[in-house]
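Here are the chains, one letter per residue:
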Amino acid sequence: MSILKIENLSHRYSTAWAIRDINLEINQTGVIGLLGSNGAGKSTTMNIVCGVVNQTEGTVTINGYDTRKQPELSKMEIGFLPQTPPVYTDLTVDEFLTYAAEIRLIPKNKIKAAVGEAMEKCQISHFSSRLIKNLSGGYKQRVGIAQAIIHKPKLVIMDEPTNGLDPNQLIEARKLIREIAQDRTVLLSSHIMSEIHMLCREVIMIENGRIIFSDSMDAFNNYVQPASILLKMENAPDQQEILQIKGATRLEYISEKQYRLFFDGDQEITERLIKASVANDWRLREISLEKGQLDDVFRQLSSQPHS
Ligand SMILES: Nc1ncnc2c1ncn2[C@@H]1O[C@H](COP(=O)(O)OP(=O)(O)OP(=O)(O)O)[C@@H](O)[C@H]1O
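Quick caveat: nothing in here was measured; it's all calculated off a predicted structure.

Draft legend 1. The arrangement of the overall build of the chain in detail. For the chain, the helix and strand inventory stands at eleven helices and 14 strands. Structurally, the chain occupies a C-alpha span of about 75 × 45 × 35 Å along its principal axes. The burial tally for the chain puts 36% of its 307 residues in the buried class. Restricting the contact set of the chain to residue pairs at least 6 apart, pairs at least 24 apart contribute 67%.

Listed below in structure tokens is the structure:
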């Protein structure tokens, strides 16, 4: 049975359609990314899956339960971390998680253990009696994640969970999300391609309310053509010299030793660069292909239908 099945899902706010005819099926554990630019329809899809918004058309089933026909049963199988974590800042971590456990209908005699387990998993036990408003952004986020897993759901939905975190908090948050996804499915959204790259095994891309790509991260990498090459040279030549390499179209200066070279798509340019470096003693230290910006990728995928 699928953990999540979405069939012919469409939603209209007043007159405009926010999502159209979304179909997807998720059967495995791990982190799955929902990638799309602002306004693409990510939050609408997630809010419908979580039962926060009632869809205009289509069905969503979670572990076999229809979210419209069996809302209580389907909600038992799902945890949700909305874009703004639902934390009551005047409560302590312990009070808030106890409240979250109650509304998730965890039996009274099991609440203490459930709260303890969720705190331990999210490494916030040492802050159990601290008021949430006195926690850093990263720890507030952990409390948000703890409430999403307190009832041990099979599916956890996270709407842009790494948004607004500083670089250290980001690393910690990614680690926690990966851990949580070890024995369940985490569907998370982001408009940042590198974030999805780093975290996810599977990627679903949504644009203008429609799915334009759904496959593994490896397939995504093969599908999306690189657009530029990052070069680091100890003994960089004159820019014109690099631009003379066959296929080079434009060069962007990053630092004295680093350049971004745009090219016509022919990946053999990397070999030509290495040969030129050896012949001319450029002392090439790094050469890596880079994918295009999200907008370019969307344009590329939108014009090439992919099942
Ligand atoms: N409550 C609402 N009323 C009317 N239109 C809405 C509402 N919420 C979203 N929309 C519209 O629906 C479309 C999809 O929005 P949605 O928030 O689902 O996208 P998103 O991919 O999550 O974007 P973001 O990353 O900016 O949150 C957008 O055109 C948006 O303006």
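Draft legend 2. Highlighting the packing of helix α3 (residues 93–103) against helix α4 (residues 108–121). With their axes 9 Å apart at the nearest point, α3 and α4 run at an angle of 120° to one another. Classified by the interaxial angle, the pair formed by α3 and α4 is oblique. Judged by the twist between their axes, the crossing of α3 over α4 is right-handed. Facing α3, whose interface residues are V93, D94, L97, T98, A101 and E102, α4 presents I111, A114, V115, A118 and M119. For the contact of α3 with α4, the class distribution of residues is eight nonpolar, one polar and two charged.

Draft legend 3. The environment of S2, seen in detail. In this structure, S2 sits in the segment before β1 (4–13). Taking the C-beta count within 10 Å as the criterion, S2 has 15 such neighbours and is therefore assigned partly exposed. Counting along the chain gives 280 residues from S2 to W282, while the straight-line C-alpha distance between them is 54 Å. Apart from residues lying up to four places away in sequence, S2 is in contact with E25, I26 and N27.

Draft legend 4. Structural context of the site of the ligand. The environment of the ligand is formed by Y13, A18, G36, N38, G39, A40, G41, K42, S43, T44 and H191. Here the shell around the ligand takes three residues from helix α1 (residues 42–49), the largest share from any one element.

Draft legend 5. View of α1. Within α1, eight of the eight residues are buried, leaving the element largely enclosed by the surrounding structure. G51 sits one or two residues past α1 and shows a positive phi near 80°.

Draft legend 6. Local environment of the domain arrangement of the chain. The domains assigned to the chain are domain 1 (4–222) and domain 2 (225–291). Distance between the C-alpha centres of domain 1 and domain 2: 41 Å.

Draft legend 7. Summary view of the sheet that holds strand β14 (residues 284–291). Across the sheet, four strands lie side by side as β12-β13-β11-β14; this open sheet has antiparallel pairing. Two strands bound the open sheet, and with one partner strand each, they are β12 (248–255) and β14. When the angles between neighbouring strand axes are averaged without regard to direction, this sheet yields 20°. Here strand β11 (residues 226–233) pairs with strand β13 (residues 258–263) via five bridges, running antiparallel. If you follow I229 over to β13, its bridge partner there is L261. Sitting on the sheet, helix α10 (residues 269–280) touches β11, β12, β13 and β14, and the angle it makes with β14 is about 165°.

Draft legend 8. Broad picture of the pairing of strand β3 (residues 30–35). The element β3 is largely enclosed, with a buried count of five among its six residues. Pairing of β3 with strand β9 (residues 202–207) involves four bridges; the strand directions are parallel. The residue bridging L34 from the neighbouring strand is I204, located in β9.

Draft legend 9. Up close: the sheet that holds β3. Pairing in this open sheet of six strands is mixed, and the strands run β6-β7-β8-β3-β9-β10 from one edge to the other. At either end of the open sheet lies a strand with only one pairing partner, and these are β6 (78–81) and β10 (210–216). Shown here is a sheet whose adjacent strand axes are inclined to one another by a mean of 15°, direction ignored. With four bridges joining them, strand β7 (residues 155–158) and strand β8 (residues 185–190) adopt parallel strand pairing. Counterpart to I157 in the pairing with β8 is L187. This element, helix α5 (residues 137–149), spans β6 and β7 of the sheet and lies at about 165° to β6.

Parameters at a glance
Residues numbered from 1 in each chain as written. Predicted model: local features only at pLDDT ≥ 70, side-chain atom pairs only at ≥ 80, totals over all residues. Helix = DSSP H or I, 4+ residues; strand = E, 2+ residues; numbered from the N terminus. Buried ≥ 20, exposed ≤ 12 C-beta atoms within 10 Å, placed from the backbone. Contact = placed C-beta atoms within 7 Å. Axes fitted to C-alpha atoms, helices over the stretch in contact; angles between N-to-C directions. Parallel < 35°, antiparallel > 145°, perpendicular 65-115°, else oblique. Left-handed = near helix turned anticlockwise from the far one by under 90°. Nonpolar A, V, L, I, M, F, W, Y, C, P; charged D, E, K, R; others polar. Near = placed C-beta within 6 Å. Domains from an automatic or database assignment. Pairing = 2+ DSSP bridges.

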